[in-house]
Amino acid sequence: MEWLDAMRGFTMILVVAYHVAQITFMQDEKISASLPFLVLFRMPLFFFVSGFLAYKSKWVWTVTSFFSLIWKKIKIQVLPAFVFLCVLIILKRNTPFFETLLSALRLPTKSGYWFTWVLLQMFVIYYVIAVLAQKLKSHIPVWILWLFCLFAYLSLYLPKEFGKWYKTDFMMYSSFYETLKFMHFFVVGNLVHRYWPLVLKLFQSKWLYPLLTIVAFFSCADIFKLHLFKLEWTNLPRTLAMYSLMFMVVMFFHYYQDSFMKSTRIGRGLQYIGVRTLDIYLLHFILLPRLPMVGAFLNNHHPNFLLDVVLAVTLALIVIAGCCLVSNILRVSPIFKEYLFGRK
């Protein structure tokens, strides 16, 4: 599915653009016209694609295959993130190394390097459920996992009832808080792949896309303007916006899939980024410049969604090009290629 790799490349551009706006421009998220909107669907899309690709219908689960996959994921997603976190601290932080490293590890976001660690946790949980689903020859365990993950996600926004469980050292050091926040998107992507023929029929429905558009519009309107929902209920329109925007992007890339083939220039570019997402994710924090004067200008001339996005995406593409260049240089070494970027 070439369009899926292209969509992953598009999502990576959004991730870097978000960090350009947040870290390079130092934009105020409460003022920015783009940051609060982009954050609604960039990470959900990433985890959706990861869950989609995790399902392999012909894979036979055995003890050997189970632990070999776990070990492969550990190599790819733990060591590289730790190494590049250390490099980031050495190159870009004017603070004592070990003190800064321990401080970063205490935070669930790990100075930005939380994604691979959280994704590893998702894979481990999913593999256990996938084994059960294969033994039972049923998708029901995956549905149960999604419902459980959705409940866990919703409980994060009920601080009175569940707050004491989510403020522990374990939740911070393990980043399991982020796992609970996003794993339901991973499982949805997996379910979509399991029911792909049925999903394609839904995509062809003339009502689905307009319905998603309407839900996304009114959900975003409430998030950014109307504020009709109060207290814990404020998460309802946010969740609806995340799901509707995510599926709109999926439907868009599937509908225009011929435009995202390798035979097209934009398709080649997005797919190249899509298959290098790990490299770009690991390197881009190190290569991000500091241009706070741009953020000051945008904060003083808000809201301007188009200008925000164009500036962030333009610089993001430059940073991504730099990441690909550094990645290609490091990949000359077979050791770096395997242990830093997970390629043999």
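Preceding block: the structure.
Notes on the structure follow. Since this is a predicted model, take the numbers as computed values, not measurements.

**Focus on the overall build of the protein**
Line of reasoning, step 1. A tally of helices and strands in the protein yields 19 helices and zero strands.
Line of reasoning, step 2. For the protein, whose C-alpha radius of gyration is 20 Å, the value lies close to the compact-globule estimate of 20 Å for 344 residues.
Line of reasoning, step 3. In terms of principal-axis extent, the alpha carbons of the protein reach across some 55 × 55 × 50 Å.
Line of reasoning, step 4. Partitioning the contacts of the protein with sequence separation of at least 6, the portion at a separation of at least 24 is 80%.
Line of reasoning, step 5. Accessible surface, the protein: about 18100 Å² in total, of which carbon and sulfur atoms supply 71%.
Line of reasoning, step 6. With 33 positive and 14 negative side-chain charges, the protein shows a separation of 8 Å between the mean positions of the two kinds.

**Notes on helix α13 (residues 208-226)**
Line of reasoning, step 1. Within the span of α13, buried status applies to Leu212, Ala216, Ser219, Cys220, Ala221, Asp222 and Ile223.
Line of reasoning, step 2. Where α13 is buried, its residues meet α2 (35-38) and α14 (235-255).
Line of reasoning, step 3. Taken from the residues just after α13, His227 is the one with a positive phi, measuring 55 degrees.

**Section: the packing of aromatic side chains**
Line of reasoning, step 1. A full pass over the atoms with the stated rule returns 39 aromatic pairs.
Line of reasoning, step 2. Here Phe37 and Phe41 contribute two aromatic rings whose centre-to-centre distance is 5.5 Å and whose plane-to-plane angle is 70 degrees, an arrangement assigned as edge-to-face.
Line of reasoning, step 3. On the basis of an interplanar angle of 80 degrees and a centroid distance of 5.0 Å, the ring pair of Phe97 and Phe98 is categorised as edge-to-face.
Line of reasoning, step 4. Its relative accessible area of 62% is what places Phe98 among the exposed residues.
Line of reasoning, step 5. Among the aromatic side chains, those forming a connected cluster through ring pairs are Phe46, Phe47, Tyr113, Trp114, Phe115, Phe182, Tyr281 and Phe285.
Line of reasoning, step 6. The ring of Tyr18 is capped by Arg42, whose NZ or CZ atom sits 3.9 Å from the centre of that ring.

**Looking at the pattern of salt bridges**
Line of reasoning, step 1. A complete count under the given rule lists four salt bridges for this structure.
Line of reasoning, step 2. In this structure, Arg8 engages Asp5 in a salt bridge whose closest nitrogen and oxygen atoms are separated by 2.8 Å. A residue pair is termed a helical-turn pair when its members lie 3 or 4 positions apart in one helix, as Arg8 and Asp5 do in helix α1 (residues 2-24) at three residues.
Line of reasoning, step 3. Overall, the relative accessible area of 19% leaves Arg8 in the buried class.
Line of reasoning, step 4. Owing to a relative accessible area of 21%, Asp5 belongs among the partly exposed residues under this scheme.
Line of reasoning, step 5. Here Glu338 and Lys75 are joined by a salt bridge, their closest N and O atoms 3.4 Å apart.

**Some words on the packing of helix α12 (residues 196-203) against α14**
Line of reasoning, step 1. Running from N to C, α12 and α14 point in directions that differ by 90 degrees, and their axes come no closer than 11 Å. Relative to α14, α12 is oriented roughly perpendicular. Across from Trp196, Leu200 and Phe203 in α12, the residues of α14 making contact are Val250, Met251 and His254.
Line of reasoning, step 2. Partitioning the contact of α12 with α14 into residue classes produces five nonpolar, one polar and no charged.

Definitions and cut-offs
Residue numbers restart at each chain and count upward from 1, following the sequence in its written direction. For a predicted model such as this one, the threshold for reporting local features is a pLDDT of at least 70, and the threshold for listing and counting side-chain atom pairs is 80 or more; totals across whole chains, interfaces and linings nevertheless cover every residue. Computation of side-chain values covers all heavy atoms of the structure but excludes hydrogens and water. A run of DSSP states H or I qualifies as a helix once it reaches four residues; a run of E qualifies as a strand once it reaches two. Both are numbered from the N-terminal end. The globule rule used here is 2.2 Å times the number of residues to the 0.38 power, and the radius of gyration it is set against is calculated over C-alpha atoms. Any two residues whose heavy atoms approach within 4.5 Å are treated as being in contact. The Shrake-Rupley method, run with a 1.4 Å probe sphere, supplies the accessible areas, and residue values consider only the shown protein chains as cover. In this count, Lys and Arg are taken as positive residues and Asp and Glu as negative ones, while His and the chain termini are left out. For this purpose, a charge sits on NZ of Lys, CZ of Arg, CG of Asp or CD of Glu. We call a residue buried when its accessible area falls under 20% of the maximum for its residue type, exposed when it is over 50%, and partly exposed in between, using a 1.4 Å probe and counting protein chains only. In this scheme Phe, Tyr and Trp rings, the latter by its six-membered ring, pair at centre separations within 6.5 Å, and the angle between planes marks the pair as stacked below 30 degrees, edge-to-face above 60, and tilted otherwise. Only Lys NZ and Arg CZ are tested; either one counts as a charge over a ring when it is within 6 Å of the ring centre and within 35 degrees of the ring normal. A carboxyl oxygen of Asp or Glu within 4 Å of a side-chain nitrogen of Lys or Arg is what we treat as a salt bridge. Structural elements are reduced to axes, namely lines fitted to C-alpha atoms, with helices fitted over the stretch in contact, and the angle between N-to-C directions of any two is expressed from 0 to 180 degrees. Geometric relationships in this document are graded by angle, where less than 35 degrees denotes roughly parallel, more than 145 denotes roughly antiparallel, 65 to 115 denotes roughly perpendicular, and other angles denote oblique. Think of it as three bins: nonpolar holds Ala, Val, Leu, Ile, Met, Phe, Trp, Tyr, Cys and Pro, charged holds Asp, Glu, Lys and Arg, and polar takes everything else, Gly as well.

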